[in-house]
Structures are given as structure tokens and as C-alpha cells.
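Spelled out, the chains give:
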Amino acid sequence: HCAQRLRFAIQIPLQTAKGQVQQQSSRIKFCKPNTALLQNQLDRLHTQLKQTKQRQIREQRSQLEQLQAKLETLNPQRTLERGYVILSTEDGAVIRSGATINIDETLTLHTARDTTELRIASKGKSHKT
């Protein structure tokens, strides 16, 4: 009778301990991440990120090329190459009207290929358009 009570007294804590071990084992399994799944998600996100960045770079490159083309059309040198000239004072101010020119003033004539200094000998009448 004593042996049976002793066995029973040992089995109850042993069963309790086994249950606790199983419970802790379940918690560990639940907390343990599925690394293969996570790696797959990470790879997919990495690919999406690369594709998005490449698309953004292509779009920005296209915008930059468009802006460069616009800038090129506004380049004063291109205007000079079409046959126009730029007339400026000695200090570099651009002449926009003959009314600002004085007799005996030295001006610089800029063409596509070179510059020439001019001395104003006389002034004519202004033309209204």
C-alpha cells in the first residue's frame, strides 16, 4: 500500500512536469519563425525594391534628358549659331535698346565664333515696331 502511494505521489508531479514541458515546447514552436517563408518574403520584397528603384531611375533619367533638351534650346550659344549677335557694354551688361548706347562708347559684339569690340560713332533714329 505504501509503494502504491509513493508511486502515485511521484506520478502526479511527473505528469504535471511533462505537461509543462509540452506546453513550453509548443510555445517555442509557436515563437520560432519559419525562416524559409521569411526568406522568400524578403527576397520578393528585395526584388520589388530593385524594380521600383530601376523604374524611378529610368523616369528621372527621362525627365533629365527632357530638361537638358529644353535647356539646350535656350542656350545663348545656339542663338548665336543661328546668326544672331549679342551686344554688351564693357562691364558685360547686355544692350537691349539703342537708347542706352552713348556716342564714343565701346561695345562688344558677340557672335557664334568670336567677339569684336566696336566704338559707337553716331546714333540714328529709333524705330518703333
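Preceding block: the structure.
In what follows, the accompanying structure is described. Predicted model only: the values in this text are computed from it and were never measured.

Further remarks concern the overall build of the protein. When helices and strands are counted, the protein shows three helices and three strands. In sequence order, the protein lays out its α and β elements as α-α-α-β-β-β. A compact globule built from 129 residues should have a C-alpha radius of gyration of about 14 Å, whereas the protein, at 44 Å, is more than 25% larger. Looking at the protein as a whole, 8% of its 129 residues qualify as buried. In the protein, once contacts between residues fewer than 6 apart in sequence are set aside, the share between residues at least 24 apart is 20%. Surface summary for the protein: the accessible area is close to 11900 Å², and the carbon and sulfur share equals 55%.

This brings us to the pairing of strand E3 (residues 115-119). In terms of burial, E3 is a largely surface element, zero of the five residues being buried. Linkage of strand E2 (residues 106-110) to E3, two consecutive antiparallel strands, is achieved through a turn of four residues.

Counted by the stated rule, this structure contains three salt bridges. Note that Arg78 and Glu72 form a salt bridge whose closest N and O atoms lie 2.1 Å from each other. Relative accessible area serves as the criterion here: at 34%, Glu72 is assigned to the partly exposed category. With a closest N to O distance of 3.0 Å, Glu81 and Arg78 form a salt bridge. In this pair, Glu81 and Arg78 are both assigned in helix H3 (residues 76-81), three residues apart and thus about one turn of the helix distant. Residue class for Glu81 comes out partly exposed when judged on its relative accessible area of 49%. Residue classification places Arg78 among the partly exposed positions, given a relative accessible area of 26%.

Strand order in the open sheet formed by three strands is E1-E2-E3, and the pairing between neighbours is antiparallel. Two strands lie at the open edges of the sheet, namely strand E1 (86-88) and E3, each paired on one side alone. For this sheet, the mean angle separating the axes of adjacent strands, direction not counted, is 25 degrees. Where E2 lies against E3, five bridges are found, and the strand directions are antiparallel. Residue pairing across strands places His110 opposite Thr115, the latter belonging to E3.

Take Thr106: it is sitting in strand E2. Not counting the four nearest positions on each side in its chain, Thr106 is found in contact with Thr89, Glu90, Glu117, Leu118 and Arg119.

Conventions adopted
- As a convention, each chain's residues are numbered from 1 in the sequence order in which they are written.
- Whole-chain, interface and lining totals are the exception, using all residues; otherwise, since this is a predicted model, local features are given only for residues with pLDDT of at least 70 and side-chain atom pairs are given and counted only at 80 or more.
- The basis for every side-chain value is the complete set of non-hydrogen atoms in the structure, without hydrogens or water.
- Numbering goes from the N terminus for both helices and strands, where a helix is a DSSP run of H or I of at least four residues and a strand is a run of E of at least two.
- Within these notes, the globule rule equals 2.2 Å times the number of residues to the 0.38 power, and the radius of gyration is based on C-alpha atoms.
- Under the scheme applied here, a residue whose accessible area is under 20% of the maximum for its type counts as buried, over 50% as exposed, and between as partly exposed, the area being computed with a 1.4 Å probe on protein chains only.
- Contact definition: two residues touch when any of their heavy atoms are within 4.5 Å.
- The protein chains shown are the only cover counted for residues, whose accessible areas, like all others here, come from Shrake-Rupley with a 1.4 Å probe.
- By the convention used here, strands pair only if DSSP detects at least 2 bridges between them.
- Here a salt bridge means any side-chain nitrogen of Lys or Arg lying within 4 Å of a carboxyl oxygen belonging to Asp or Glu.
- Note on geometry: axes are C-alpha line fits, over the in-contact stretch for helices, and angles between N-to-C directions span 0 to 180 degrees.

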